[in-house]
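# Structural description and commentary
What follows is the residue order along each chain.
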Amino acid sequence: MPSSLLGIIYVEIMREFQSSASEAALMQSLFRGISFGGGAFGGVVIRWAGEFPCMMVGSIVGCLCFGAAAFAENLITVVLLIGVGAGSAFVFPLLLSFTNIGHAFPASTASKFMSFITMGGGLAMIVTPYITNLLIGHFGWRGAFLMFSGFFFHLVPLGVAVKLNFPPADEKRDESKKFQCSDQTAVFKYGGFVVISMQMVLYGMFGYVEPWFLPDYLLSKGYTKDDAALLLTLIGVASLVGRVLAGLLDPFFRRTKIIYHWSYMFGVVALGHAAFPFFVSVYPALVVASVVFGLQFGLFISQMSPITYQTLPWNLYPTGIATVFTLYGGFAVVGGYICGYICDVTGKYDYVFYVSSLASMVCGFGSILLYAVDKARHKDGDSPLDKTIEISVITKP
């Protein structure tokens, strides 16, 4: 939900403080990058301090950061409070949402319920744009920050409910997940994981440009805020559908390794990115491009865990999935600034979408190259990456 609302508030922030696109984009790129990429660090803190204290402190600090940002007098304060403060704080509720599912359900069914968590992100992308527009229209962006601060406070009673009703964590299981330096280097000995890492770097930097910059881009082309909100809502709807399809089409994807499917999926993403500037004057085409982006985004998010599982041995999977999310989130931090800088230099957002399209093509080529090398090296037997056992949309680390 925060990532969706920041894309709209970004427009108001940039205009109030008369900032460049690259400077204002740090607010949302830092938030998304730290909240997603801080999982490895957050896991260490949770094991040290405990789940309930981290849930309470993270939720309260995140709410306070959003509330304090409403009174900010300059852009630097907003970036620090939202990007760094709230981003760091919300690492813990995000990470614990998956952990709590593991506590509440047996291992045989936990992964199924984890898929519902990813659907929650899709639902948030549907409703948040209109809620944000409504709040800004009545209270301005400062009032919207205050209102969302109250919305996010619901994490506190939810954390209390989890503490009172869920069974305690399995200490032996947590012990087995402690960070091992040798595991961190071992994951990069697998060619498939190297390709995935490259894809996460580029996808983290350039894969989320529509929610970040589409509102301001459309306003610069003469569209209204409602037009932009509609496209963001369509992205949310399509993202939810994509997450559902990832489960329904699981038998199809499991016929071969998922990373091979990413070759043509990234090709479709590349076309979707390029469609926004190319067909900017044709609103129905923008609707189609938004749906394409949302579907692919939902599929990619749902498949990050299974694709890592297929690529690595089980004993390296926890380290692998932590590395994947850290790369994705970490490079999202710099991605927003880079995209904003491209806009500042060129004077328009068109090249941001074209660069994102090019990055997607490189990601797709990585999967094609891996497929070719894999086939060449394993003509007489199965590839070491061939794990076609049944897995769900979200596999628990």
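This is a predicted model, so every value here is computed, not measured. (Residues numbered from 1 in each chain as written. Predicted model: local features only at pLDDT ≥ 70, side-chain atom pairs only at ≥ 80, totals over all residues. Heavy atoms only, no water.)

A count of helical and extended segments in the protein gives 18 helices and zero strands. Relative to its full complement of 397 residues, the protein shows a buried share of 54%. Taking the intrachain contacts of the protein between residues at least 6 apart in sequence as the baseline, contacts between residues at least 24 apart amount to 84%. (Helix = DSSP H or I, 4+ residues; strand = E, 2+ residues; numbered from the N terminus. Buried < 20%, exposed > 50% of the residue type's maximum accessible area, 1.4 Å probe, protein only. Contact = heavy atoms within 4.5 Å.)

This part covers empty space enclosed by the protein. Under the counting rule described, the total for this entry stands at five cavities of 30 Å³ or more. Of the volumes computed, that of the largest cavity is approximately 80 Å³. Together, Ile8, Val11, Glu12, Asn133, Pro215, Leu219, Lys225, Ala228, Ala229 and Leu232 line the largest cavity. Sorting the residues of the lining of the largest cavity by element identifies helix H1 (2-16), helix H12 (209-220) and helix H13 (225-248) as the ones contributing at least two each. (1 Å grid on protein atoms, 1.4 Å probe; cavity = no way out; pocket = protein on both sides within 12 Å on 5 of 7 lines; lining within 4 Å. Points joined across faces, edges and corners; volume = space filled by probe spheres on them.)

Moving on, we get to the packing of helix H4 (residues 51-69) against helix H5 (residues 75-89). H5 packs onto H4 with a crossing angle of 165° between their chain directions and a minimal axis gap of 8 Å. In terms of orientation, H4 lies roughly antiparallel with respect to H5. Seen along the crossing, H4 lies across H5 with a hand that is left-handed. On the side of H4, the interface is formed by Gly58, Val61, Gly62, Cys65, Phe66, Ala68 and Ala69, while H5 contributes Val78, Leu81, Ile82, Gly85, Ala86 and Ala89. When its residues are assigned to classes, the contact of H4 with H5 shows 10 nonpolar, three polar and no charged. (Axes fitted to C-alpha atoms, helices over the stretch in contact; angles between N-to-C directions. Parallel < 35°, antiparallel > 145°, perpendicular 65-115°, else oblique. Left-handed = near helix turned anticlockwise from the far one by under 90°. Nonpolar A, V, L, I, M, F, W, Y, C, P; charged D, E, K, R; others polar.)

Our next topic: H12. For H12, built from 12 residues, the straight-helix expectation of 16 Å at 1.5 Å per residue is met to within 8% by its first-to-last C-alpha distance of 16 Å. Taken residue by residue, H12 has Val209, Glu210, Pro211, Trp212, Phe213, Leu214, Pro215, Asp216, Tyr217 and Leu218 as its buried positions. (Expected span 1.5 Å × (residues − 1).)

On to the confidence of the model for the protein. Of the residues in the protein, 81% reach a pLDDT of 70 or more, and the chain-wide mean stands at 79. Confidence drops under pLDDT 50 across residues 171-177; counting only partners more than four residues distant or on other chains, this segment forms seven contacts. Below a pLDDT of 50 lies the segment residues 381-397, which in the model reaches 56 contacts outside its immediate sequence neighbourhood of four places, other chains included. (pLDDT = per-residue confidence, 0-100.)

Quick look at the nonpolar core now. Grouped together as the largest cluster of nonpolar side chains are 104 residues, with contacts concentrated most on Tyr10, Phe66, Phe145 and Tyr349. Once you skip the residues sitting within four places of it in the chain, tyrosine 349 turns out to touch Tyr10, Met14, Ala21, Phe213, Asp216, Tyr217 and Cys343. (Core = buried A, V, L, I, M, F, W, Y, C linked by side-chain atoms within 4.5 Å.)

Looking at where glutamine 296 falls in the secondary structure, it is placed in helix H16 (residues 283-311). Sequence spacing of glutamine 296 and methionine 265 is 31 residues, and the spatial spacing of their C-alpha atoms is 7.1 Å. Sequence-distant contacts of glutamine 296, defined by excluding residues within four places in its chain, comprise Met265, Val268 and Val269.

A separate point is the packing of aromatic side chains. Overall, the coordinates contain 31 aromatic pairs when judged by the stated rule. Measuring from centroid to centroid gives 5.5 Å for phenylalanine 90 and phenylalanine 152, while their planes differ by 75°, and the two rings are edge-to-face. Highlighted residues: phenylalanine 90 in the loop between H5 and helix H6 (91-104) and phenylalanine 152 in helix H7 (residues 107-152), separated in sequence by 62 residues. Residue phenylalanine 152 is classed as buried on the basis of its relative accessible area, which comes to 4%. Residues tyrosine 217 and phenylalanine 353 carry aromatic rings whose centres are separated by 5.2 Å and whose planes lie at 45° to one another, so their mutual orientation is tilted. Taken as a pair, tyrosine 217 in helix H12 and phenylalanine 353 in helix H18 (residues 350-377) lie far apart in primary sequence, 136 residues in all. Relative accessible area serves as the criterion here: at 0%, phenylalanine 353 is assigned to the buried category. Counting every residue linked through ring pairs, the aromatic cluster contains Tyr10, Tyr208, Trp212, Phe213, Tyr217, Phe276, Phe293, Phe297, Tyr349 and Phe353. (Phe/Tyr/Trp six-rings, centres within 6.5 Å; stacked < 30°, edge-to-face > 60°.)

Moving on: H16. The terminal C-alpha atoms of H16, which comprises 29 residues, lie 40 Å apart, in line with the 42 Å expected from a rise of 1.5 Å per residue. Where H16 bends most, the angle comes to about 45°, and this point is glutamine 303, followed within four residues by the proline proline 306. Of all 29 residues that make up H16, 23 are buried, and the element is covered over most of its length. (Bend = angle between axes of the 7 residues up to and from the residue.)

Going through the model one piece at a time under the given rule, you end up with four salt bridges. The partner of aspartate 216 in a salt bridge is arginine 15, and the shortest N-O contact between them spans 3.1 Å. You can see aspartate 216 sitting in helix H12 and its partner arginine 15 sitting in helix H1, a full 201 residues away along the chain. For aspartate 216, a relative accessible area of 6% translates into the label buried. (Salt bridge = Lys/Arg side-chain N within 4 Å of Asp/Glu carboxyl O.)

Bringing unusual backbone geometry into the picture now. Phi angles above zero are rare outside glycine, and glutamine 18 is one such case at about 50°. Relative to the helices and strands, glutamine 18 is located in the loop between H1 and helix H2 (21-37). A residue is classified by how much of its surface remains accessible, and glutamine 18, at 69% relative accessible area, is exposed.

On the surface, a nonpolar cluster with roughly 450 Å² of combined accessible area is contributed by Val244, Leu248, Leu249, Phe252 and Tyr264. Here leucine 249 lies in the loop between H13 and helix H14 (250-253). (Patch = residues over 30% accessible without salt bridge, like charges linked within 9 Å, V, L, I, M, F, W, Y side chains within 5 Å. Areas by Shrake-Rupley, 256 points an atom, 1.4 Å probe, with all protein chains shown as cover.)

Viewed as axis vectors pointing N to C, H13 and H16 meet at an angle of 35°, and their least axial separation amounts to 6 Å. Of the two possible hands of crossing, H13 and H16 adopt the one that is right-handed. Within the contact of H13 with H16, the residues separate by chemical class into 17 nonpolar, six polar and two charged.

This next bit is on the state of the cysteines. The tally for this structure, following the rule as stated, stands at zero disulfides. Cysteine 343 carries a free sulfur, and the closest cysteine sulfur to it, the one in cysteine 339, is 9.8 Å from it. (Disulfide = S-S within 2.5 Å.)

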